[in-house]
Amino acid sequence: EKQSNLYQLADVCAEVSVIIFVCFWVTYYVNSLIPVLPVTSPLEVYLESFGGQTMFIYAVFVFLNTLDDKLKHVFHDFFGTRPT
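Here the structure is a predicted model, which is why all the values come from computation and not from measurement.

K.L.:
So what's going on with the overall build of the chain? Which residues, and what values?
P.N.:
Secondary structure assignment for the chain yields 2 helices and 0 strands. By residue count, 15% of the 84 residues in the chain fall in the buried class. In the chain, of all internal contacts separated by at least 6 residues, the share reaching a separation of at least 24 is 73%. Surface summary for the chain: the accessible area is close to 6,600 Å², and the carbon and sulfur share equals 71%.

Dropping the structure here:
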């Protein structure tokens, strides 16, 4: 909270970008491994879509403890609102 607004914004953007980047590549590798597993075509589609969403949600909740406070602080600084 003591850093400059630009630093805070860059920190939040970097953290969200890392989450998205890691989730994308984990999903990509999981999707590339699915053809190795003997599953039916409908189940393969289900695994691909469920795997990506699950990884993203898991990553967000892992970092949510600090990320939500950072997002709220940056929002209040940039839009001049005060937390209630």
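K.L.:
Help me get a handle on a nonpolar patch on the surface, residues and values and all.
P.N.:
Taken together, the side chains of Val18, Phe21, Val22, Phe24, Trp25, Tyr28 and Tyr29 present a nonpolar region at the surface, about 740 Å² in accessible area. Mapped onto the fold, Trp25 is located in helix α1 (residues 5-33).

K.L.:
An account of the side chain of Gln8 is needed here, citing residue identities and associated values.
P.N.:
Position of Gln8 among the secondary structure elements: in helix α1. Residue class for Gln8 comes out buried when judged on its relative accessible area of 7%. Of the polar contacts made by the side chain of Gln8, one reaches the side chain of His73; its length is 3.3 Å.

Thresholds applied
Residues numbered from 1 in each chain as written. Predicted model: local features only at pLDDT ≥ 70, side-chain atom pairs only at ≥ 80, totals over all residues. Heavy atoms only, no water. Helix = DSSP H or I, 4+ residues; strand = E, 2+ residues; numbered from the N terminus. Buried < 20%, exposed > 50% of the residue type's maximum accessible area, 1.4 Å probe, protein only. Contact = heavy atoms within 4.5 Å. Areas by Shrake-Rupley, 256 points an atom, 1.4 Å probe, with all protein chains shown as cover. Patch = residues over 30% accessible without salt bridge, like charges linked within 9 Å, V, L, I, M, F, W, Y side chains within 5 Å. Salt bridge = Lys/Arg side-chain N within 4 Å of Asp/Glu carboxyl O. Polar contact = N/O pair within 3.5 Å; in protein donor to acceptor, adjacent residues only side chain to side chain.

The values are spatial; any link to function lies outside them.
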